[in-house]
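One letter stands for each residue in the lines below.
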Amino acid sequence: MADVRADLQALVTDLIAGHAGEWDRRGEIPVEVIRKAGAAGVLCAQVGTAHGGPGLSSVDNGELTAYTGGLCSSFRSLMTSQGMAAWTISRLGDAGQQREWLSRLTGGELAAVAFSEPNAGSDLSAMDTLIALDGDHVTVTGAKRWVTGAAYADVVLVFGRYGAGAAAILVPTTAPGVTVTRVPDPLGCRAAGHADVRLDAVRLPAASLLRGAGQPLSLLVTTALTYGRISVAWGCAGIMRACLAASAAHATTRQQFGVALADHQLIARHLAEQYVAEQSATRLCAHASAAWDANSPELVTAAVVAKHRAAGDATRVAASAVQVLASAGAQDGHVVARAHRDAKLMEVIEGTNEICQLLLAEHVLATTGGAR
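Note that this is a predicted model, so its numbers are computed, not measured.

Undergrad: It is not clear to me how the overall build of the protein chain should be interpreted in this structure. Could you clarify?
TA: If you tally the helices and strands in the protein chain, you get 11 helices and nine strands. The C-alpha atoms of the protein chain give a radius of gyration of 21 Å, which matches the 21 Å a tight globule of 372 residues would have. Across its three principal directions, the C-alpha atoms of the protein chain cover 80 × 55 × 40 Å. For the protein chain, the proportion of its 372 residues judged to be buried stands at 54%.

This is the structure we're talking about:
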């Protein structure tokens, strides 16, 4: 698998290197670039060879994700979205759905995943998108907010209410009743195709529903979010690596008071703390991915720990890098300026810092005899 990962990284370099700043300022990645990556399996690299994917382990896919995140967080965001969609289809789809949709997602078609709504962000239990049976069809009505990659997507995996429980359904963006509207001027990951998706009585074949319809919402959502949290965590490790490289390069070439910046102890401290943060996050990510590959019962908690720590550290490391580079890193389009904006979003998506803390506190209470 290491050779496969190396080949995919080489493709990512060819497609992305040198373009991230331009894409960020323009707010868009050329769709042909995204489709080329998708057709090579980059966007959902854990899909197996039987469905046209590279079949990477979570550990190898994580390193690929970090590498991509170091080049362009917007592009990495699309990997997270497509990977979540593919994993959810692998987990909940029947054999026919897996055969059709996984092959399409490794063949160049693009997917997004829709959770949040105007009144349901951190509290997804407030979700009111309605999925209802209508004979041999299903109707979907609701509004989704800030759907990463939806502006590029051929299909959106929509989560919504279904009877007394919930369901996940595959909704083509070309279906009558679907309206996709780009989010204007997002703070970070500007080229990730964030969009709002309106669903006006969208009528689809009942076969569009994934298995598990009627199960509790939390159970279905956790299936997708666990993948997403590991992916975001690895992406944050990539952000930190890019910031550390930029900081080190600047500190060794820029002189102040007659010596290189790196020879000033306060600047050296920044470099040391950036390195420790990146190393800590990488190890937590590797642990979460190892838990995934081993199908360990600690996977869900390990994913939350990795995402929470990596997102927070990426925000701090990006701010530190701006401090080291000063005006040199404060220009729009610079890798450090871009990281400063992108990293902050990572503290919000796939579970805010506060939600992660609540989940981890519940875990502590449940495993130390302090459950209430």
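Undergrad: What is the right way to look at the nonpolar core in this model?
TA: The tendency in soluble globular proteins is for nonpolar side chains to be buried as a group. Formed by 70 residues in total, the largest nonpolar core has its most connected members in Phe-115, Phe-159 and Met-346. Among the elements that take part in this core, helix α7 (residues 217–253) stands out by supplying 17 residues, more than any other.

Undergrad: Honestly, the packing of helix α9 (residues 299–325) against helix α10 (residues 335–346) in this entry has me stumped. Any pointers?
TA: A pair of packed helices can be characterised by two numbers: the angle between their axes and the separation between those axes. The geometry of α9 relative to α10 is characterised by a closest axis approach of 8 Å and an angle of 155° between their N-to-C directions. Classified by the angle their axes make, α9 and α10 are roughly antiparallel. Along this stretch, α9 crosses α10, giving a crossing that reads as left-handed. In this structure, α9 uses Lys-307, Ala-311, Ala-314, Thr-315, Ala-318, Ala-319, Ala-321, Val-322 and Leu-325 to contact α10, whose residues at the interface are Val-336, Ala-339, His-340, Ala-343, Lys-344 and Met-346.

Undergrad: In this structure, what is going on with the environment of Ala-45? I would like to understand it.
TA: By the secondary structure assignment, Ala-45 is in the loop between α3 (31–39) and α4 (58–71). Classification of Ala-45 as buried rests on a relative accessible area of 0%. Leaving out residues up to four positions away in the same chain, Ala-45 has contacts with Leu-8, Pro-54, Gly-55, Leu-56, Asn-61 and Leu-64.

Undergrad: Just checking my understanding: could you explain the environment of Ala-191 for this structure?
TA: Counting through the fold element by element, Ala-191 comes out in the loop between β6 (178–182) and β7 (195–205). Relative accessible area serves as the criterion here: at 1%, Ala-191 is assigned to the buried category. Placed 171 residues apart in sequence, Ala-191 and Ala-20 show a C-alpha to C-alpha distance of 8.8 Å.

Undergrad: It is not clear to me how the packing of aromatic side chains should be interpreted in this structure. Could you clarify?
TA: The geometry of two aromatic rings is summed up by the distance between their centres and the angle between their planes. A full pass over the atoms with the stated rule returns three aromatic pairs. For the ring pair Phe-115 and Phe-159, a centre distance of 5.0 Å and an interplane angle of 25° mean the geometry is stacked. Linking Phe-115 in the loop between β1 (111–114) and β2 (130–134) with Phe-159 in strand β4 (residues 155–162), this pair joins segments that are 44 residues apart in sequence. Its end group placed over the ring of Trp-101, Arg-104 keeps NZ or CZ at 4.0 Å from the ring centre.

Undergrad: Is there a simple way to think about the layout of surface pockets in this case?
TA: It is the rolling of a water-molecule-sized probe over the atoms that shows where space remains empty. Size it by volume and the largest pocket reaches roughly 1,000 Å³. Lining the largest pocket are 43 residues, with Gly-121, Leu-124, Leu-225, Glu-350 and Gly-351 positioned closest to its centre. Breaking the lining of the largest pocket down by element, the ones donating at least two residues are α5 (73–92), β1, β3 (137–147), α7, α9, α10 and α11 (353–367). A total of seven residues in the lining of the largest pocket trace back to one element, the largest contributor, which is α7. The residue makeup of the lining of the largest pocket, split by class, is 22 nonpolar, 15 polar and six charged. Along the walls of the second largest pocket sit 15 residues, with Trp-87, Arg-91, Thr-223, Leu-299 and Val-300 positioned nearest its centre. If you list the elements that add at least two residues to the lining of the second largest pocket, you get α5, α7 and α9. Per-class residue counts for the lining of the second largest pocket are eight nonpolar, six polar and one charged.

Undergrad: What's the story with the environment of Ala-86 in this structure? I'm lost.
TA: Topologically, Ala-86 is positioned in helix α5. When the C-alpha positions of Ala-86 and Arg-338 are compared, they lie 28 Å apart, and in sequence the two are 252 residues distant. Discounting residues that sit within four places of it in the chain, Ala-86 has contacts with Cys-44, Val-47, Leu-102 and Leu-105.

Undergrad: So what exactly am I meant to see when it comes to the pairing of β2 here?
TA: A regular strand carries its side chains on alternate faces of the sheet. Bridge count between β2 and β3: five bridges; the pairing is antiparallel. Along β3, the bridge assignment pairs Leu-130 with Thr-141. Where β2 folds back onto β3 in an antiparallel hairpin, the turn is made up of two residues, including Gly-135, whose phi is positive at roughly 70°.

Undergrad: Explanation requested: the packing of α9 against α11 in the structure shown.
TA: Running from amino to carboxyl end, α9 crosses α11 at an angle of 140°, the nearest separation of the two axes being 10 Å. Put simply, α9 runs oblique to α11. Read as a crossing pair, α9 and α11 show a hand that is left-handed. The segment α9 lies against α11, with Thr-301, Val-304, Val-305, Lys-307 and His-308 engaging Asn-353, Cys-356, Gln-357, Leu-359, Leu-360 and His-363. Taken together, the residues of the contact of α9 with α11 break down into five nonpolar, five polar and one charged.

Undergrad: Just checking my understanding: could you explain the pattern of salt bridges for this structure?
TA: Pairing between side chains of opposite charge can happen when their charged atoms approach one another. Counted according to the given criterion, the structure contains 18 salt bridges. For Arg-203, the salt bridge identified is with Asp-134, shortest N-O distance 2.5 Å. Linking Arg-203 in strand β7 with Asp-134 in strand β2, this pair joins segments that are 69 residues apart in sequence. You can call Arg-203 partly exposed: its relative accessible area is 45%. Classification of Asp-134 as partly exposed rests on a relative accessible area of 36%. Counted as one network, the salt bridges with shared partners bring together Asp-24, Arg-190, Asp-332 and Arg-341.

What counts, and at which threshold
Residues numbered from 1 in each chain as written. Predicted model: local features only at pLDDT ≥ 70, side-chain atom pairs only at ≥ 80, totals over all residues. Heavy atoms only, no water. Helix = DSSP H or I, 4+ residues; strand = E, 2+ residues; numbered from the N terminus. Rg over C-alpha atoms; globule rule 2.2 N^0.38 Å. Buried < 20%, exposed > 50% of the residue type's maximum accessible area, 1.4 Å probe, protein only. Core = buried A, V, L, I, M, F, W, Y, C linked by side-chain atoms within 4.5 Å. Axes fitted to C-alpha atoms, helices over the stretch in contact; angles between N-to-C directions. Parallel < 35°, antiparallel > 145°, perpendicular 65-115°, else oblique. Left-handed = near helix turned anticlockwise from the far one by under 90°. Contact = heavy atoms within 4.5 Å. Phe/Tyr/Trp six-rings, centres within 6.5 Å; stacked < 30°, edge-to-face > 60°. Lys NZ or Arg CZ within 6 Å of the ring centre and 35° of its normal. 1 Å grid on protein atoms, 1.4 Å probe; cavity = no way out; pocket = protein on both sides within 12 Å on 5 of 7 lines; lining within 4 Å. Points joined across faces, edges and corners; volume = space filled by probe spheres on them. Nonpolar A, V, L, I, M, F, W, Y, C, P; charged D, E, K, R; others polar. Pairing = 2+ DSSP bridges. Salt bridge = Lys/Arg side-chain N within 4 Å of Asp/Glu carboxyl O.

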